[in-house]
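What the coordinates show
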Amino acid sequence: MSWFSLLLTRWPSSALYLLLLGVVGREVGLRVGLEVAHTAMCSRWGALMEQSKQGLSQDGDVVIGGLFNLHYLPSVTDQDFTKPPYYKPCTGLDLAPLRYIYAMVFAVGEINHNAILLPGVRLSYHILDSCGRHPWALQGALSLVGGDSHSCNSTAPLPHSAVYGQTGERRGGPPVPLVIGGASSTTGKILSRTLGPLSVPVISYLSSCPCLSDRHKFPNFFRTIPSDVYQARAMARLAIRFHWTWVGAVVANNDYGRLAIQEFQKEIQGAGVCLAFLETVSRETIVRDARRAAVTVQASTARVILIFCWYTDVRQLFLELAKRNVTDRQFLASEAWSTSGELLQNLALSKVASGVLGVAIRSSSIPGFENYLRSLHPSHRPEDELLREFWEKEFGCRPETTQSHATPLSSSPHSAPLPPCSGTESLEGVQNLFTDTSQLRVTYNVYLAVYVAAHALHSLLSCPDRDSPSRSNSSTCSSPQNINPIELLQHLNKVNFTTPQGEKFFFQGADIPAVYDLVNWQTTPEGSLKLVLIGRVDGFDLHLNQSAIQWSTGSNQVPVSVCSESCPPGTRMASRKGEPVCCFDCIPCAEGEVSNETGSLQCERCPSEFWSNAERTACIPRQLDFLSFNETLGITLTTAAVSGAVVTAAVFVVFLCYRHTPVVRANNSELSFLLLLSLKLCFLCSLVFIGRPSVWSCRFQQAAFGISFVLCVSCLQVKTIVVLAAFRSARPGAGALIKWFGPGQQRGSVCLFTCIQVLICTIWLSLSPPVPRRDLGFQGSKVTLECAMASVVGFSMVLGYIGLLACICLLLAFLARKLPDNFNEAKLITFSMLIFCAVWVAFVPAYISSPGKYAVAVEIFAILASSYGLLLCIFAPKCFIILLRPERNTKKHLMAK
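Below, the structure is looked at part by part. (Residues numbered from 1 in each chain as written. Predicted model: local features only at pLDDT ≥ 70, side-chain atom pairs only at ≥ 80, totals over all residues. Heavy atoms only, no water.)

A few words now on the overall build of the protein chain. Along the backbone of the protein chain there are 26 helices and 25 strands. Per-residue burial over the protein chain gives 53% buried out of 897 residues. Nonlocal contacts in the protein chain, meaning residues at least 24 apart in sequence, comprise 71% of its contacts between residues at least 6 apart. In the form shown here, the protein chain has an accessible surface area of approximately 39800 Å², with 58% of it arising from carbon and sulfur atoms. (Helix = DSSP H or I, 4+ residues; strand = E, 2+ residues; numbered from the N terminus. Buried < 20%, exposed > 50% of the residue type's maximum accessible area, 1.4 Å probe, protein only. Contact = heavy atoms within 4.5 Å. Areas by Shrake-Rupley, 256 points an atom, 1.4 Å probe, with all protein chains shown as cover.)

Below is the structure:
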C-alpha cells in the first residue's frame with residue numbers, strides 16, 4: 001500500500017481535502033485522485049456498508065448517480081478522528097431525503113415506461129448516502145464517476161488501466177455520466193470543482209448559493225432550485241412593502257447565510273431599511289450560538305427577525321426563545337426552514353413560531369407518486385436496505401426478507417433484536433414526513449433533475465444525422481456505453497422541455513427561472529400550526545394576498561418594527577450621529593417651511609406669497625398686513641388725529657367768536673385763522689395713512705402731508721417776520737418797514753412758500769410716485785402692504801423743504817424772543833418750532849428702522865406730535881387769556897412792557 005493510500009486509510013478527511021486542492025483544474029491529477037480516493041472510499045464504505053449497505057442501485061444502459069444525506073450526522077464533539085473507527089456511523093434515517101431518493105426512483109421508472117423519451121435505452125441509478133459530510137460526498141462522487149462503486153472489497157488502489165482504457169475512456173464498472181446531488185451549496189461547489197476537469201455534470205436539487213451561478217468557475221454545475229439572490233430580494237421587498245425599517249437577522253455561518261444576507265443588504269440599500277443586529281450560528285456550536293442569538297433577539301427593539309438557517313438551527317433558537325417567553329417577534333423565514341414539518345408539528349414552539357412569514361421552494365404535484373410511496377413494501381424490494389431500515393423504525397419490527405440478517409444503521413449492536421413483522425404492515429394509513437405528498441418542494445426538484453438528465457441524454461443519444469453521408473467518419477454518435485461528458489454538458493445547456501405537469505423548463509446559465517411560494521404559519525383552533533399559501537414570487541414580481549396573513553400578534557394588523565417612529569407631518573427626520581439612518585429624531589419644520597407627509601427627510605420652503613400654518617403641514621396664503629382702522633394701533637392714532645382736529649376746530653371757533661379782541665387781532669388774526677386751518681389739515685392728513693394702501697392713497701398721503709405742514713410752517717414764519725418788522729418799525733427811521741410787509745405781502749409770502757412745496761410734490765408724483773407694494777421679506781406669515789417710495793429723492797426734497805422753512809422760522813423766532821412787549825408771540829413760536837424740529841429729527845432714524853406698518857405709524861405719530869406741539873404752544877396761552885383771564889385781553893395790557 002502506498003503512503004498516500006495509507007494516509008487516506010488513517011485520515012481520510014484530511015487526505016480528501018488535499019486531493020481536492022491538488023486536482024482542481026488538472027485532469028491527470030484527478031485520475032490519480034480517483035485511484036487513491038477509491039482506496040479511501042473502500043476503507044470507509046467497506047467498513048460502513050458492511051454494517052448498513054446504505055444506498056440504492058439498479059442496473060441499466062445508462063446509470064445516473066445520486067448523492068443524498070440519508071442519515072443524521074453525529075455531533076462533531078462525539079467524533080474522534082485519531083482513533084479507529086475514524087468515522088462513526090450516522091445515527092438515524094432522515095425521512096425527507098428518503099422521500100427524495102424514491103422520487104428519483106419513481107422518475108426513472110416513469111422515463112423507462114415512456115416510449116418517446118430515451119426510447120430503447122434503459123435508464124438506471126446508483127444512489128449513495130453522503131450523511132451530510134463533505135468528504136463523504138466527495139468520496140461518493142469519485143466512486144460513482146470512477147465506475148467501480150460496486151466492488152469495494154479491497155483496500156488496494158486501482159491501477160490506472162482499471163479506471164481508464166488505452167484511449168482514455170473509463171473502464172471497470174459502469175461509470176455515471178452525470179451526478180444528481182449537492183444537498184448544500186458547499187457540497188455543490190466541491191462536487192463541481194472536483195468533477196469539472198472531467199466535464200462531468202452536477203445537477204443539484206438544493207444548492208442555492210448565488211456563487212454557483214458563475215459559469216467560469218462552475219461550468220459543469222446545474223440546479224433545479226433558484227438562486228438565493230431571488231429569495232433574498234423577495235424578503236427584502238417584503239420588509240420594504242410592510243415598512244419594516246428595523247430588522248434583525250440570524251444567519252448560518254456558511255455560504256448560504258453569508259451570501260444571502262449580503263444580497264438582502266444590497267436590496268434594502270437606499271430603501272430606508274436597516275439591520276438592527278446580525279447574529280451568526282454554526283451547526284457545530286448551535287447550542288451556544290442559539291443561546292447568544294436568543295439573548296440578542298430579546299434585547300433588541302426590532303420586532304421583525306430574518307432567519308437564514310437550516311431548520312435544526314431554527315429549532316434550537318426557537319427553544320431558547322420559548323424559555324425566555326419571547327413570543328412577540330415576527331419571523332421572516334428562508335426556504336431552508338419555511339416549510340419544515342418538524343417545526344410546524346412541535347407544539348413547544350407554536351407560540352414562538354406563530355405568524356412566520358416565509359419564502360418557500362415552489363410546490364408542485366407528482367401524479368401517482370403518493371400511491372407509489374404507499375405501495376412500497378420490503379417484500380417487494382428485498383434488496384432495498386433503506387426501505388427495510390425505515391420499516392423497522394416505523395413499525396418496530398423486522399421485515400422478513402432475504403437480507404434481513406443485515407444490521408440497520410439505526411440499531412445499536414447491543415440493542416435487543418426486533419420481533420419479526422407479521423407481513424400485514426402497510427403505509428396506506430401512515431401519516432408522516434415520508435408519506436406526506438401534499439406539498440412536494442425539494443422532492444419535486446429531485447424529480448425534475450432526473451427529467452433534466454433524461455432529456456439531455458435523449459438529445460445526446462438521438463444523433464439525427466447518424467446516417468448522413470456527409471458526416472465525418474472520425475465523428476461518431478454517442479452511445480449509452482460511450483457518453484462524452486463534454487457533449488452531455490452542451491446538451492444540458494440547451495435543455496428546453498415541458499414537464500409531465502405541463503410546465504416549461506429551461507436553464508438560464510446554471511439557474512432556472514425563479515418561482516417561489518410565500519407561506520404563512522397560522523394557528524389552528526387546536527393550538528397547532530398549519531402552513532398556508534398566501535402568495536408567490538415570480539422572478540422579481542411579488543404577488544401577495546395580504547388579507548390572508550395571520551401575523552405573530554394573532555391579528556390581521558401588520559406588526560410595526562422601526563428604530564424610530566415615523567416623523568409626523570410638520571416635522572423632518574434628523575439622523576442621530578453614529579447610528580443607522582433608520583434611527584433618527586423628529587425636528588419641527590422652521591417657520592415658512594412645511595412637510596405634509598409622514599417621514600419627510602426635509603421640509604420644503606413655502607412660495608413667497610404663502611406661509612406655513614401653525615402645524616407646519618401646509619402653506620397658506622400670507623395675511624395682508626397694514627395699519628388698519630380696526631386694530632388697536634390704528635384706533636389709537638385715529639382717535640388722536642380726530643381729537644386734534646376737534647380741538648383745532650374748537651380753538652378756531654373761540655378765535656372766531658373773539659376775533660375783535662386784542663389777543664386775536666394781535667399779529668395778524670388772518671394768519672392765525674390760516675394757521676388753525678393748516679393745523680386741522682395736518683391732523684386730518686394723518687388719517688390718509690391709515691387703511692389699505694391704494695394707488696391714490698399712496699400719492700395723496702405724502703402730498704397732503706407735505707403741503708399741510710409747509711402751509712403751517714409758512715404761517716409761523718410770516719408771523720415771526722411780522723413780529724420782527726413791527727418792532728423794527730418802532731425805531732427812528734424804520735417806520736416805512738412795516739408798510740412794505742403789510743397783509744397782502746404776508747398772504748403772498750404764505751402762498752409763495754406753499755406753492756414751492758406744491759411744485760415739488762407735483763414733480764415727484766408725476767415722475768416717480770409712491771405705489772402700493774407687498775413686502776414679503778420680514779413679517780413671516782404676513783405680507784406687509786405698504787406704500788413704497790419709488791423715489792427717495794422726491795420724499796427727501798419734501799421733508800427737506802419743510803425742514804428748511806422750520807429752521808428759518810426757528811432762527812427768526814429765536815432772534816425775536818426777547819422783544820419788550822408783554823405778549824410777544826415770538827416766544828411761543830420759538831417753543832413750538834423747537835418741539836417741531838425735535839420731533840422730525842427723531843422721526844428720520846425711527847422711520848428708517850421701523851418695519852412694515854410700524855413705519856407708517858411712526859410717520860403718523862410725528863405728524864400728530866408736531867401738530868399738537870404747534871397747537872398747544874401757540875394757541876393754548878391765547879385761549880387761556882381769552883377764556884379765563886379776559887381782564888388781560890386788552891390793548892393796554894398787551895402793550896405793557
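So that's the structure; there's more coming.
Okay, the nonpolar core next. In this structure, Ile-64 and Tyr-102 are the most contacted members of the largest nonpolar core, which totals 73 residues. Secondary structure elements with two or more residues in this core: β2 (62-68), α4 (95-112), β3 (123-129), α14 (369-374), α15 (385-395), α16 (442-462) and α17 (485-493). The element contributing the most residues to this core is α16, with 15 residues. Beyond its immediate chain neighbours, meaning those up to four positions away, Ile-64 contacts Met-104, Val-108, Leu-123, Ser-124, Tyr-125, His-126, Val-176, Leu-178, Ile-180, Val-450 and Leu-457. (Core = buried A, V, L, I, M, F, W, Y, C linked by side-chain atoms within 4.5 Å.)

As a further point, take the sheet that holds strand β23 (residues 623-625). Judged by pairing direction, the sheet is mixed, and its three strands sit side by side in the order β23-β25-β24 without closing on themselves. Edge strands, defined here as strands with exactly one partner in the open sheet, are β23 and β24 (771-775). Strand-to-strand twist in this sheet, taken as the mean axis angle between neighbours without regard to direction, amounts to 30 degrees. (Pairing = 2+ DSSP bridges. Axes fitted to C-alpha atoms, helices over the stretch in contact; angles between N-to-C directions.)

What follows deals with the state of the cysteines. For the coordinates displayed, the defined rule picks out eight disulfides. At a sulfur-sulfur separation of 2.3 Å, the disulfide partner of Cys-209 is Cys-211. Between Cys-209 and Cys-211, the S-S torsion sits near 130 degrees, and that sign places the bridge as right-handed. What pairs with Cys-563 in a disulfide is Cys-583, and their sulfur atoms sit 1.9 Å apart. A torsion of 105 degrees about the S-S bond marks the disulfide between Cys-563 and Cys-583 as right-handed. One end of the pair, Cys-563, is in the loop between β16 (541-544) and β17 (571-575); the other, Cys-583, is in the loop between β17 and β18 (584-588), with 20 residues separating them in the sequence. In this structure Cys-563 comes out as partly exposed when scored by relative accessible area, which is 22%. Judged by its relative accessible area of 2%, Cys-583 is buried. (Disulfide = S-S within 2.5 Å.)

We now examine the side chain of Ser-354. Topologically, Ser-354 is positioned in the loop between α13 (350-353) and β11 (357-361). Side chain to side chain, Ser-354 and Thr-523 meet in a polar contact 3.0 Å long. (Polar contact = N/O pair within 3.5 Å; in protein donor to acceptor, adjacent residues only side chain to side chain.)

Inspection of the entire model under this criterion finds 27 salt bridges. For Asp-538, the salt bridge identified is with Arg-536, shortest N-O distance 3.4 Å. Among the charged side chains, a network of salt bridges with common partners joins Arg-233, Arg-237, Glu-263, Lys-266 and Glu-267. (Salt bridge = Lys/Arg side-chain N within 4 Å of Asp/Glu carboxyl O.)

Following the criterion strictly, the structure yields 36 aromatic pairs and no others. An angle of 75 degrees between the planes, with centres 5.3 Å apart, marks the rings of Phe-655 and Phe-875 as edge-to-face. Taken together, the residues Phe-655 in helix α18 (residues 632-657) and Phe-875 in helix α25 (residues 853-884) connect sequence positions 220 residues apart. Both residues of the pair, Phe-655 and Phe-875, count as buried. Taking 4.9 Å as the distance between ring centres and 70 degrees as the angle between the ring planes, the aromatic pair formed by Trp-840 and Phe-843 counts as edge-to-face. Highlighted residues: Trp-840 and Phe-843, both in helix α24 (residues 825-849), separated by three residues, approximately one helical turn. By relative accessible area, which is 3% here, Phe-843 ends up buried. (Phe/Tyr/Trp six-rings, centres within 6.5 Å; stacked < 30°, edge-to-face > 60°.)

With that out of the way, let us pick up α24. Along an α-helix, residues three or four positions apart point the same way, because every turn accommodates 3.6 residues. The terminal C-alpha atoms of α24 lie 37 Å apart, and with 25 residues this matches the ideal 36 Å at 1.5 Å per residue to within 8%. Where α24 bends most, the angle comes to about 30 degrees, and this point is Phe-843, followed within four residues by the proline Pro-845. (Expected span 1.5 Å × (residues − 1). Bend = angle between axes of the 7 residues up to and from the residue.)

Attention now moves to α16. Spanning 21 residues, α16 covers 30 Å between terminal C-alpha atoms, matching the ideal 30 Å at 1.5 Å per step. At the exit of α16 stands Cys-463, carrying a positive phi of roughly 50 degrees.

A word on the sheet that holds strand β5 (residues 202-204). The strand order β1-β3-β2-β4-β5-β6 describes an open sheet built from six strands, whose pairing is mixed. One side of each edge strand has no neighbouring strand; the edge strands of this open sheet are β1 (56-58) and β6 (221-223). Bridging between β2 and strand β4 (residues 179-180) involves two bridges; their strand directions are parallel. Paired with Gly-65 across the bridge in β4 is Val-179. Packed on one face of the sheet, α4 meets β1, β2, β3 and β4 and runs near 170 degrees to β3.

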